[in-house]
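Read off the chains here:
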Amino acid sequence: MPRWTTAPPPDSRSGSLPLLRTPATRPLQGIITSPRLIGTDTHFFGGHTVPCERPNCKACLEGIPYRWHGYVAAYSIHSNLHFVFECTAQAATPLIEYQHDHGTLRGCRIEAYRWHKRPNGRVIIKCTTDATPLNVLPPPPDLTKIMAIIWSLPPQDVFLCDEETIPARIDASSKRDGQSADPRLYTFPNP
Ligand SMILES: [Zn+2]
């Protein structure tokens, strides 16, 4: 027998934001709402990008390579969408330079596109200062809390490790799958 209710059940994902990656066919545009980039090593495991939880990491134990991914929150005025943007270490370099030069990423307009519009083409990010007043933007979200929801981890397991270790730039040339980006901006405790 169906059990009818007059309202949907509480949404366990409330407070989350959609996670967007750079599409192949068109640029992704938005104005960054977070003050800084955060990132960590991740695996593509079980069909999803998941954080590396080494030294007791199931994906590591199965020999799955890890790679660093960075995250910022951004807002699209056209679609009225607040989202989390994911990028690789190589693509993140302009974000880190902007953050270094301006002291914050909030208010930075990003345009991300893929080289030759290939689905796995290299992502190029252009950063410019947007004229939109900062008070028009949504407040900076708690990105670590949102990533915990996206990754289905307890909120206390996703936290800022050491924000003073953000490098001026990431040496993308030395970065390959299976090698650690050093220093790691964020880390995660063992399960
Ligand atoms: Zn791992």
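From a predicted model like this one, the values you see are computed outputs, not experimental measurements.

S.K.: Account for the overall build of the chain, naming residues and giving values.
M.R.: If you tally the helices and strands in the chain, you get three helices and eight strands. Overall, the chain shows an N-to-C arrangement of helices and strands of β-β-β-β-α-β-β-α-β-β-α. Taking the contacts inside the chain whose residues are at least 6 apart along the sequence as the reference set, 69% of them involve residues at least 24 apart.

S.K.: Please set out helix α2 (residues 89-102) residue by residue, giving values where relevant.
M.R.: Helix length check: α2, at 14 residues, gives a terminal C-alpha distance of 20 Å against a target of 20 Å (1.5 Å per residue), a fit within 8%. The sharpest bend along α2 reaches about 25° and sits at Leu95. Every buried residue of α2 is listed here: Ala89, Ala91, Ala92, Leu95, Ile96, Tyr98 and Gln99. At the exit of α2 stands Gly103, carrying a positive phi of roughly 80°.

S.K.: Can you break down unusual backbone geometry residue by residue, with the values?
M.R.: Cis geometry is found at the peptide bond from Arg54 to Pro55, where omega equals 20°. Within the secondary structure, Pro55 sits in the loop between β4 (48-51) and α1 (58-61). Of note, Asn80 is a non-glycine position whose phi angle comes to about 55°, a positive value. Within the secondary structure layout, Asn80 lies in the loop between β5 (66-76) and β6 (81-88). Not every positive phi belongs to a glycine, and Ser152 is a case in point at roughly 55°. Residue Ser152 is classed as exposed on the basis of its 10 C-beta neighbours within 10 Å.

S.K.: So what's going on with the nonpolar core? Residues and values would help.
M.R.: Of all hydrophobic cores here, the largest spans 33 residues; its most connected members are Ile32, Val72 and Leu95. No other element matches α2, which puts six residues into this core. Among residues more than four places away in sequence, those in contact with Leu95 are Leu37, Gly70, Val72, Leu105, Ile125 and Cys127.

S.K.: Tell me about the pairing of β5, and name the residues and values.
M.R.: Counting buried residues along β5, nine of its eleven residues qualify, which places the element largely inside the surrounding structure. In this sheet, β5 lies alongside strand β2 (residues 28-32) in antiparallel orientation, the contact comprising two bridges. When the bridges of β5 are listed, Ile31 appears paired with Tyr75. Examined bridge by bridge, strand β3 (residues 38-45) and β5 share six bridges and lie antiparallel to one another. Pairing of Thr40 across the sheet is with His69, part of β5.

S.K.: Before we move on, can you summarise the environment of Gly46 with the specific residues and values?
M.R.: As for its placement among the helices and strands, Gly46 is situated in the loop between β3 and β4. With 13 residues separating them along the chain, Gly46 and Ala59 place their C-alpha atoms 9.0 Å apart.

S.K.: Please give an account of the environment of Lys126 that cites residues and values.
M.R.: Locating Lys126 in the fold gives a position in strand β8 (residues 123-129). Taking the C-beta count within 10 Å as the criterion, Lys126 has 12 such neighbours and is therefore assigned exposed. Between the C-alpha atoms of Lys126 and Arg109, which are 17 residues apart in sequence, the distance is 8.0 Å. Excluding anything up to four places from it in sequence, Lys126 contacts Pro94 and Glu111.

S.K.: Run through helix α3 (residues 143-150), naming residues and quoting values.
M.R.: Taken residue by residue, α3 has Leu143, Ile146, Met147, Ala148 and Ile150 as its buried positions. Residues of α3 that are buried make contact with β1 (19-20), β3, β5 and β6. One or two residues past the end of α3 sits Ser152, with phi positive at roughly 55°.

What counts, and where the lines are drawn
Sequence positions are assigned chain by chain, starting from 1 and proceeding in written order. Predicted model: local features are reported for residues with pLDDT of at least 70 only, side-chain atom pairs are reported and counted for 80 or more only, and whole-chain, interface and lining totals are derived from all residues. Only DSSP runs of H or I reaching four residues or more are called helices, and only runs of E reaching two or more are called strands; each is numbered from the N terminus. Note on contacts: residues are paired as contacts if their backbone-placed C-beta atoms lie within 7 Å. Every helix has an expected span of 1.5 Å times one less than the residues it contains. Bend is computed residue by residue as the angle between axes fitted to the seven residues ending at the residue and the seven residues starting at it. Residues are called buried when their C-beta atom has 20 or more other C-beta atoms within 10 Å, exposed when it has 12 or fewer, and partly exposed otherwise; all C-beta atoms are positioned from the backbone. As used throughout, a nonpolar core is a set of buried Ala, Val, Leu, Ile, Met, Phe, Trp, Tyr and Cys residues joined through C-beta atoms within 7 Å of each other. Any two strands are treated as partners once DSSP identifies two or more bridges connecting them.

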